[in-house]
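Descriptive analysis of the structure
Read off the chains here:
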Amino acid sequence: MWFDPICPWAWITSRWLLEVEKVRNVDVRYHVMSLSVLNEGRDVPEQYQKLMETGWGPVRVCIAVEQRYGLDAVRALYTALGTRIHLGRTTLGPELYAAALTDAGLDPALAEAAGSTEYDEALRASHEAGMRPVGTDVGTPVIHAPGPDGKPVAFFGPVVTPAPKGEAAGRLWDGVLLVAGTPGFFELKRSRDIDPIFD
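The present account deals with the structure reproduced in this document. (Residues numbered from 1 in each chain as written. Predicted model: local features only at pLDDT ≥ 70, side-chain atom pairs only at ≥ 80, totals over all residues. Heavy atoms only, no water.)

**Quick look at the packing of helix 3 (residues 46–54) against helix 4 (residues 56–69)**
Our working rule: Lines fitted to C-alpha atoms define the axes here, with helix axes fitted over just the stretch in contact, and angles between the N-to-C directions of these axes take values from 0 to 180 degrees. Going along the chain from the N terminus, every DSSP run of H or I of four or more residues is numbered as a helix, and every run of E of two or more is numbered as a strand. Note that the term roughly parallel is reserved for angles under 35 degrees, roughly antiparallel for angles over 145, roughly perpendicular for angles of 65 to 115, and oblique for everything else. Here a residue-residue contact requires only that any non-hydrogen atoms of the pair lie within 4.5 Å. The nonpolar class holds Ala, Val, Leu, Ile, Met, Phe, Trp, Tyr, Cys and Pro. Asp, Glu, Lys and Arg form the charged class, and all remaining residues, Gly among them, are polar.
Relative to each other, helix 3 and helix 4 sit at 25 degrees, their axes nearing to 5 Å. Relative to helix 4, helix 3 is oriented roughly parallel. Contacts from Met-52, Glu-53 and Thr-54 of helix 3 reach helix 4 at Trp-56, Gly-57 and Pro-58. Residues of the contact of helix 3 with helix 4, tallied by class, amount to 3 nonpolar, 2 polar and 1 charged.

**Focus: the side chain of Ser-36**
Along the polypeptide, Ser-36 turns up in helix 2 (residues 35–38). Excluding residues that lie within four positions of it along the chain, Ser-36 makes contacts with Asp-4, Met-52, Gly-55 and Trp-56.

**Remarks on the pairing of strand 3 (residues 142–146)**
Put simply, the rule is: Whether two strands pair depends on DSSP finding at least two bridges between them.
Of the pairings in the sheet, the one linking strand 3 to strand 4 (residues 152–156) comprises 5 bridges and is antiparallel in character. When the bridges of strand 4 are listed, His-144 appears paired with Ala-154. In sequence, strand 3 turns back onto strand 4 through a hairpin of 5 residues, with Gly-150 there showing a positive phi of about 90 degrees.

**Concerning the packing of aromatic side chains**
Basically, it comes down to this: Aromatic rings from Phe, Tyr and Trp, with only the six-membered ring used for Trp, were paired whenever their centres fell within 6.5 Å, and each pair was classed as stacked if the ring planes differed by under 30 degrees, edge-to-face if by over 60, and tilted otherwise. Between buried and exposed lies partly exposed: a residue is buried under 20% and exposed over 50% of the maximum accessible area for its type, with that area taken using a 1.4 Å probe on protein chains only.
On inspection of all chains with the given rule, the structure shows 6 aromatic pairs. Taking the centre distance of 6.4 Å and the plane angle of 70 degrees together, the rings of Phe-3 and Tyr-30 count as edge-to-face. Of the two residues, Phe-3 is situated in strand 1 (residues 2–3) and Tyr-30 in the loop between helix 1 (8–23) and strand 2 (31–32); the sequence distance between them amounts to 27 residues. As far as the burial class goes, Phe-3 and Tyr-30 line up, both buried.

What follows is the structure in structure tokens.
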């Protein structure tokens, strides 16, 4: 799964995937994409543009953690960040990043990566690896699932709220595998009519 920590829909999808791991033989790997990278140069509303400016911080911290500790640590950090951002409604900033790093058992000094461009090349590479197979007209969440020939097929979504639990989570995963295994399948979509439910 490719995520940006600031996206509430990605957070819910990530929690669904943790449920899937409990009921299906799945080992989820979390990778970083960036809504800030995705929206560079795009004409977006002013309020969203401000969020995109702030959004560089948490993804840079995630990449710094990946480089020092590996993907398992990114998973732990994402849980810590998401819990504070989406459940705790904590404002993005250095204090949040240091606290989330501490929660995940990681060096809180890596919060300094938020304001540095040192990790941007690796951030863009991670973003590209996640987004290239799905296209640039989507955001996050993005998942890569096994396709009909065993090679990954990338999808935006699933966008779901609240996150299914138990066997319901497994059935949704079964559906993802079904459509991923169908040559030429591209999308199912309907308009969202409720806000994210962090349950």
